Amino acid sequence: MKNILSMADLTKDEILNIIHKAQDLKEQGISSIDRKATVANLFFENSTRTKCSFEMAERKLGLDILPFETNTSSVQKGETLYDTCKTLESIGVEALIIRHSENEYYEPLKSLNIPVINGGDGSGQHPTQSLLDIMTIYEEYGYFSGLKVLISGDIKNSRVARSNADALTKLGAEVMFSAPDQWKEQISDIPYVNIDDVINEIDVCMLLRVQNERHDKGQSYSKSEYHVGYGLTKERYEQLKDSAIVMHPAPVNRGVEIDTNLVESPKSRIFRQMENGVFVRMACIQEVLNHKEEKVKCHL
Ligand code: CP
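About the criteria used
- Every chain is numbered on its own, with residues counted from 1 as its sequence reads.
- Where local features are concerned, this predicted model is filtered to residues with pLDDT of at least 70; where side-chain atom pairs are given and counted, the filter is 80 or more; whole-chain, interface and lining totals use all residues.
- Per-residue confidence from the predictor is reported as pLDDT, which spans 0 to 100.
- Every C-beta atom is placed from the backbone, and the number of other C-beta atoms within 10 Å of a residue's own sets its class: buried at 20 or more, exposed at 12 or fewer, partly exposed in between.
- Here a helix means four or more residues in a row that DSSP labels H or I, a strand means two or more in a row labelled E, and each is numbered from the N terminus.
- Two strands pair under a simple rule: DSSP has to find at least two bridges between them.
- A molecule or strand has a residue near it when that residue's C-beta atom, placed from backbone coordinates, lies within 6 Å of it.
- All amino acids are sorted into three groups, where Ala, Val, Leu, Ile, Met, Phe, Trp, Tyr, Cys and Pro are nonpolar, Asp, Glu, Lys and Arg are charged, and the leftover types, Gly among them, are polar.

K.L.:
Please provide a residue-by-residue account of the confidence of the model for the chain, values included.
P.N.:
Of all residues in the chain, 98% have pLDDT values of 70 or greater, and the mean over the chain is 95. In the model output, the complex is listed with pTM 0.96 alongside ipTM 0.99.

Next up, the structure:
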């Protein structure tokens, strides 16, 4: 794979290949990459998990990380994203990890000679989050076919919902959405359901963060009404199947998407998701750097 930009671009086999590599890295210990390479992480939107776990993955692989801070870069003088990335390519950076608020910011970057891994584009896609979610589900069940996955929350503004709907459907899971009317958007043919009608039959209860930063100014909602209507309350938790798991990409708005006491409850896999993120990101970086290496060899 040259780039990892959208789950819509990945085949079922490509997804499973990354998951298996990430599992090997987790089970067999860390192996650094065979050669030195320098990468840069360009985060134009705030991040804790994605930025830090990419950096952890890069360190574990023995890569050099070129520091890049958006607020002290020439982006502030008006330099375009393409020119910024082309500059980094010109000075020897071999892969870019980018998060940006613009949907599909990566389109003009496809002509670069170095790979790009998308760390999240606006409300578009978040492929490495989806891959770590898939790894977490696979660790639990070992299969996807027929698994019932409920994704509840701010579907309209969620890149996690889009990426997971694409990928989990491709893998054979039955995906359902639950959302307040103002945050509903039709994605593929995923049905909207009432959370209370399915809570006792789902295998995965995936909660989404309310994306306050993407809402129109002046748009407001009641946190307590949202929690009662669409969140994981103690009562709903009690109705889950014994084998069901609870997921959330985080950061969590405690008491809104999930009761604060359930964040570290026995069915919660929220911190396991973060742990798996490091191995998935190592596998993704290896994938794009190895692809680049093979392409260079073909041209020798
Ligand atoms: N899940 C996720 O993308 O978290 P960050 O915004 O902290 O990276």
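Read on, since the account is not over.
K.L.:
Give a description of the pairing of strand β3 (residues 95-100) that names residues and reports values.
P.N.:
Judged by how many residues are buried, β3 sits mostly within the fold: six of six residues are covered. A two-sided burial pattern is seen for β3, the buried positions comprising A95, I97 and R99 on one face and L96, I98 and H100 on the other. Direction of pairing for strand β1 (residues 38-43) relative to β3: parallel, over a ladder of five bridges. For V39, the partnering residue across the bridge sits in β3 and is A95. Of the pairings in the sheet, the one linking β3 to strand β4 (residues 116-121) comprises four bridges and is parallel in character. By the bridge assignment for β4, I97 is matched with I117.

K.L.:
Account for the site of the ligand, with residues named and values stated.
P.N.:
Surrounding the ligand, one finds S47, T48, R49, T50, G120, Q129, P249, A250 and P251. When its residues are assigned to classes, the shell around the ligand shows three nonpolar, five polar and one charged.

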